[in-house]
Amino acid sequence: MPFLRFAFPLVRPRRWDLVFVAVLLLAGVLWSDQLLGLDPGKLADEPWRVATWVLAQQGPLQAAGNGIGLAIGMTMAARCGGGWAAWTGMAGAILLPGIWSWYWMEPGELLVGASPVLYGALGMGAVSWVRVRHELTYARRKDWMAGFATLGLVALTLAIPMLADETVRGVHVIGFVWGGLVLALIPRDWDASATLGRGSLEQESTLDRTLP
């Protein structure tokens, strides 16, 4: 499989559900932290905050990086283990850091932003790439460009907390470890939507060898 198809949701087979996730996070800059953020003192009356905190974004830069990175990491997970694996990784990277923060944060403190979930996507993407790396091809120039673009996005993701004078927190570690474990432990299986048929695969393989 060409790397571009493996990593990017807008390349066939398309993952519109993951594109929707990216758009949803981009729209998060319009929503109030006080409305969606996780405040331990309010969870007894408003338990949905254990999940909605991820929608309240800290700014346009974080929202864009989180949305794009999450879509790419989950796409890799879906190609490797199926769509359910990607969504399981995402759900755990939301709920586990939320529960952990509920236990350790003081009432009045607020948890917002999708960075823990993005770290979960990085864990999913990294393990997925390791598991299928021998099946990926880089014969085309755009696959090399996609690979370097993905590395650049990961570097930007890791640099944003430092640029904002924030250290990596426990919620980030929880997200990354959970995402990696989900993709490491599930049976290896391509997403059914990626099955094109033998004739189509042979034709695509020929095009991969001939296209620049």
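Right, let's walk through the structure included here. (Residues numbered from 1 in each chain as written. Predicted model: local features only at pLDDT ≥ 70, side-chain atom pairs only at ≥ 80, totals over all residues. Heavy atoms only, no water.)

## Some words on the packing of aromatic side chains
Stage number 1. This model, assessed by the stated rule, comprises six aromatic pairs.
Stage number 2. On the numbers, 6.3 Å between centres and 45° between planes, the contact of Trp100 with Trp104 is tilted. With Trp100 and Trp104 both in helix H6 (residues 83-104), this residue pair falls four residues apart, about one helical turn.
Stage number 3. Residue classification places Trp104 among the exposed residues on the basis of a relative accessible area of 54%.
Stage number 4. Consider the rings of Tyr138 and Trp144, whose centres lie 5.7 Å apart with planes at 45°: the pair is tilted.
Stage number 5. Look at Tyr138 and you get partly exposed, because its relative accessible area is 28%.
Stage number 6. Taken together, the ring pairs in this structure connect Phe3, Phe6, Tyr138, Trp144 and Phe148 into an aromatic cluster. (Phe/Tyr/Trp six-rings, centres within 6.5 Å; stacked < 30°, edge-to-face > 60°. Helix = DSSP H or I, 4+ residues; strand = E, 2+ residues; numbered from the N terminus. Buried < 20%, exposed > 50% of the residue type's maximum accessible area, 1.4 Å probe, protein only.)

## Looking at a nonpolar patch on the surface
Stage number 1. Taken together, the side chains of Val173, Phe176, Val177, Leu181 and Leu185 present a nonpolar region at the surface, about 470 Å² in accessible area.
Stage number 2. Within the secondary structure, Leu185 sits in helix H9 (residues 170-185).
Stage number 3. Looking at Leu185, the relative accessible area reads 68%, which means it is exposed. (Patch = residues over 30% accessible without salt bridge, like charges linked within 9 Å, V, L, I, M, F, W, Y side chains within 5 Å. Areas by Shrake-Rupley, 256 points an atom, 1.4 Å probe, with all protein chains shown as cover. Salt bridge = Lys/Arg side-chain N within 4 Å of Asp/Glu carboxyl O.)

## Notes on the packing of helix H2 (residues 16-26) against helix H5 (residues 60-81)
Stage number 1. Following both chains from N to C, one finds H2 and H5 inclined at 165°, their axes separated by 8 Å at the closest point. Judged on the interaxial angle alone, H5 and H2 are roughly antiparallel. Between H2 and H5 lies a crossing whose hand is right-handed. For the pair H2 and H5, contact is made by Leu18, Val21, Ala22, Leu25 and Leu26 and by Ala63, Ala64, Asn66, Gly67, Ile68, Leu70, Ala71, Met74 and Thr75, respectively.
Stage number 2. Of the residues in the contact of H2 with H5, the class split is 11 nonpolar, three polar and no charged. (Axes fitted to C-alpha atoms, helices over the stretch in contact; angles between N-to-C directions. Parallel < 35°, antiparallel > 145°, perpendicular 65-115°, else oblique. Left-handed = near helix turned anticlockwise from the far one by under 90°. Contact = heavy atoms within 4.5 Å. Nonpolar A, V, L, I, M, F, W, Y, C, P; charged D, E, K, R; others polar.)

This is a description of form; function is not addressed.
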